[in-house]
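# What the coordinates show
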Amino acid sequence: MRIGTRKSTMALAQTEEIARQLTAAARDLDVEIVKFETRGDQDQTGLLLPHGGKGGAFVAEIREAVIAGKLHAAMHSLKDMPGNEDTPGLVIGATLSRDPPTDALVLRAGVTFDDLKRTKGKGFKLGTNAVRRAAYARRLFPEIEVIHFRGAADTRVRKLDNGEMQKLADGGEVGPADALIMARSGLERVGLAGRIAHEFTALEMLPAAGQGIVAVECAANDWRTRQYLALIDDPAAHLSADAEREVLWVLNGHCNSPIAGFSTINGREMSLTASVLDLEGDQLLEATRTGPADKPRELGRAVAFDLLAQGAAAIIERSRPV
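Predicted, not measured: the structure shown is a model, and the values here were computed from it.

It is worth spelling out the environment of I213 at this point. When you line up the elements, I213 lands in the loop between β11 (196–199) and β12 (214–219). For I213, a relative accessible area of 2% puts it in the buried group. Between the C-alpha atom of I213 and that of A237, which follows or precedes it by 24 residues, the distance is 7.0 Å. With residues near it in sequence (within four places) discarded, I213 still touches H76, S77, L78, T95, L96, R98, A237, S240 and A241.

Written out as structure tokens, the structure is:
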């Protein structure tokens, strides 16, 4: 089985875990990891929007290889997969058990979480490329300066520690950063969990839909591959993925929309909370519902309609690229 992946340290670690689980579940299977340098990896300075957002930047080329039959499957971080567009001919064949979905704060030497709280972020620069994280950060630290900051997880931490400026597509630069907001699971994957200065609760910063879930995508009609992937599929993670991505689908959220969604399963029940923010974090809409865990899409749809009733469509439209 040929599995495609980005070549970053974190992506390779995730794909190696897929390979380990597959070969443990199916002794007759040989797994080959095929590395891709996507458009988002090649361009480390520009915004992701011109590349079609995260989907175009990190997902599209690997998906094209699956559709063309050059790969049997593709590894994606679920939060990088566009939730507002159809992918004819492809299905998520497996989701690994969910890693911690929370966001974490990483700080340069000499800065503490108490410093940011005490000053409300005034005088500090926070690096992120995620509009959701930026919007929540502005709510938590109203005086902080959010700067564009790109790179793989380990690369971003190195830039922070070295005080490097972040180059911009127009030839300018910003920085250096005093703090970063990153996924806890990503930091753990690259061996940097020790750098976490503060782990945000879901109340402080609701995770992105699908955050912490590794998805394996394959051709819908490739039943042999689907049979193998079913061996490593985590049912709970798959139910959560379906619920959270249904919110994105109904809201027609795009890569520039600060939308969050996180679900938990307790026995036969699932609770789902989703939110929509404006880019500055001034406006926050939130909805929570509980329903049968075996009907995740219905739950996601109900939560999304609650947000639409609160005015989410107007906020999303204002954040849409012109």
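Anyway, onward from the coordinates.
Okay, the sheet that holds strand β2 (residues 32–36) next. Spatially, β2-β1-β3-β12-β4 is the arrangement adopted by the five strands of the open sheet, whose pairing is mixed. The sheet is open, and its two edges are formed by β2 and β4 (90–95), each paired on a single side. The sheet shows a mean angle of 35° between the axes of neighbouring strands, taken without regard to direction. Across the face of the sheet, helix α8 (residues 223–230) comes into contact with β4 and β12 while running at roughly 160° to β12.

In terms of nonpolar packing, the biggest core is built from 22 residues, with L105, L116, L126, I144 and I181 touching the most fellow members. Contributions of two or more residues to this core are made by β5 (103–107), α4 (113–119), α5 (131–140), β10 (179–183) and β13 (259–266). Here the element with the most residues in this core is α5; it accounts for four residues. Discounting residues that sit within four places of it in the chain, I181 has contacts with D103, A104, L105, L126, G127, T128, R133, A137, R156, F200 and M205.

Another point: the pattern of salt bridges. This model, assessed by the stated rule, comprises 22 salt bridges. For R184, the salt bridge identified is with E188, shortest N-O distance 2.7 Å. Of this pair, R184 and E188 are both found in helix α7 (residues 184–189), four residues apart, which corresponds to roughly one turn of the helix. On the accessibility criterion, R184 (24% relative accessible area) is partly exposed. In this structure E188 comes out as partly exposed when scored by relative accessible area, which is 33%.

What the five strands build is an open sheet, ordered β7-β6-β10-β5-β11; its pairing is mixed. One side of each edge strand has no neighbouring strand; the edge strands of this open sheet are β7 (145–147) and β11. In this sheet, neighbouring strand axes are inclined to one another by 30° on average, regardless of whether the strands run parallel or antiparallel. In terms of strand pairing, strand β6 (residues 125–127) meets β7 through three bridges, oriented parallel. Following the sheet pairing, L126 is matched in β7 by V146. This element, α5, spans β5, β6, β7 and β10 of the sheet and lies at about 125° to β10. Against the sheet, helix α6 (residues 153–162) engages β5 and β10, with an angle of about 165° to β10.

Using the criterion set out here, one finds one aromatic pair in the structure. Note on F113 and F141: the rings are 6.3 Å apart at their centroids and 85° apart in plane angle, and the pair reads as edge-to-face. Of this pair, F113 sits in helix α4 while F141 is found in the loop between α5 and β7, placing the two residues 28 residues apart along the sequence. Note on F141: relative accessible area 2%, which makes it buried. The ring of F149 carries the charged tip of K159 above its face, separated from the ring centre by 5.7 Å.

On to unusual backbone geometry. Note that the residue after G175, namely P176, is joined by a cis bond; omega there is -5°. One non-glycine residue, K120, lies in the positive phi region at around 60°. Checked against the element boundaries, K120 lands in the loop between α4 and β6. With phi around 55°, N252 is a residue other than glycine that occupies positive phi space.

Between helix α9 (residues 235–251) and helix α10 (residues 296–310), whose axes approach to 7 Å, the crossing angle comes to 35°. Crossing of α9 against α10: the hand is right-handed. Only P296, R297, G300, R301, A304, F305, L307 and L308 of α10 make contact with α9, whose side of the interface consists of L239, D242, A243, E246, V247, V250 and L251. For the contact of α9 with α10, the class distribution of residues is 10 nonpolar, one polar and four charged.

Moving on to the environment of V250. One can find V250 in helix α9. Judged by relative accessible area, V250 falls into the partly exposed class, the value being 22%. Distance in space between the C-alpha atoms of V250 and A302 is 9.4 Å, their sequence separation being 52 residues. The residues touching V250, leaving out its near neighbours within four places in the chain, are R301, A304, F305 and L308.

Rules used throughout
Residues numbered from 1 in each chain as written. Predicted model: local features only at pLDDT ≥ 70, side-chain atom pairs only at ≥ 80, totals over all residues. Heavy atoms only, no water. Helix = DSSP H or I, 4+ residues; strand = E, 2+ residues; numbered from the N terminus. Buried < 20%, exposed > 50% of the residue type's maximum accessible area, 1.4 Å probe, protein only. Contact = heavy atoms within 4.5 Å. Pairing = 2+ DSSP bridges. Axes fitted to C-alpha atoms, helices over the stretch in contact; angles between N-to-C directions. Core = buried A, V, L, I, M, F, W, Y, C linked by side-chain atoms within 4.5 Å. Salt bridge = Lys/Arg side-chain N within 4 Å of Asp/Glu carboxyl O. Phe/Tyr/Trp six-rings, centres within 6.5 Å; stacked < 30°, edge-to-face > 60°. Lys NZ or Arg CZ within 6 Å of the ring centre and 35° of its normal. Left-handed = near helix turned anticlockwise from the far one by under 90°. Nonpolar A, V, L, I, M, F, W, Y, C, P; charged D, E, K, R; others polar.

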